[in-house]
Amino acid sequence: QVELVESGGGLVQAGGSLSLSCEASGSIFSINAMGWYRQAPGQQRELVAVITSGGSTNYADSVKGRFTISRDNGWNTMYLQMNSLKPEDTAVYYCNTKGYSGNRRPFDAWGQGTLVTVSS
């Protein structure tokens with residue numbers, strides 16, 4: 001079983017910065033991609049950023065140039081650096097990891113979410 005634990009959310013003023021972390025643990029054979037999603041009140045969950053096993057990254061248009069996704073070399077931890085935050089970035093942020101577990105079965109794991117609140 002793969003477990004993801006996010007940290008780093010909180011309250012910040014518009015224009016400020018926050019950094020989120022997501023630590024993966026459990027029986028992991030390989031990871032195909034790791035990503036950050038967010039869900040604002042009354043809205044559907046949306047992709048924020050993703051990083052693949054090859055190191056390619058992709059961002060939602062709304063965060064391009066402001067957010068940066070990265071990971072450590074061991075694929076144990078993923079980060080999301082958020083700069084120039086806007087009130088519309090307020091949401092619960094979830095990390096997601098897709099890959100194969102130690103028994104070679106595919107997995108699609110989610111963290112519990114961390115709240116980011118940006119005040120105007």
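Before any of the text, the structure's been laid out above.
First things first, this report covers the structure right here in the doc. (Residues numbered from 1 in each chain as written. Predicted model: local features only at pLDDT ≥ 70, side-chain atom pairs only at ≥ 80, totals over all residues. Heavy atoms only, no water.)

## As for the pattern of salt bridges
One side chain can pair with another of opposite charge once the charged atoms of both are near each other.
Move 1: In total, this model carries 5 salt bridges according to the counting rule given.
Move 2: Ionic pairing is found between Glu-46 and Arg-38, a salt bridge with its closest N-O pair at 2.7 Å.
Move 3: Asp-89 is the partner of Arg-38 in a salt bridge, and the nearest nitrogen-oxygen pair spans 2.9 Å. Taken together, the positions of Arg-38 in strand β4 (residues 28–39) and Asp-89 in the loop between β8 (77–82) and β9 (91–101) put the pair 51 residues apart, joining distant regions of the chain. Neither Arg-38 nor Asp-89 differs from the other in exposure class; each is buried.
Move 4: Salt bridges linked by common partners bring Arg-38, Glu-46, Arg-66 and Asp-89 together as one network. (Salt bridge = Lys/Arg side-chain N within 4 Å of Asp/Glu carboxyl O. Helix = DSSP H or I, 4+ residues; strand = E, 2+ residues; numbered from the N terminus. Buried < 20%, exposed > 50% of the residue type's maximum accessible area, 1.4 Å probe, protein only.)

## Things to note about the state of the cysteines
Move 1: Summed over all chains, the structure comprises 1 disulfide.
Move 2: A disulfide bridge connects Cys-22 with Cys-95, and the sulfur atoms are separated by 2.1 Å. Around the S-S axis, the bridge from Cys-22 to Cys-95 shows a dihedral of about 55 degrees and counts as right-handed. Here Cys-22, found in strand β3 (residues 18–26), pairs with Cys-95, found in strand β9; they are 73 residues apart in sequence, far enough to count as distant.
Move 3: By relative accessible area, Cys-22 is classed as buried at 0%.
Move 4: With relative accessibility at 0%, the residue Cys-95 sits in the buried group. (Disulfide = S-S within 2.5 Å.)

Read these as layout, nothing more, since geometry by itself doesn't imply function.
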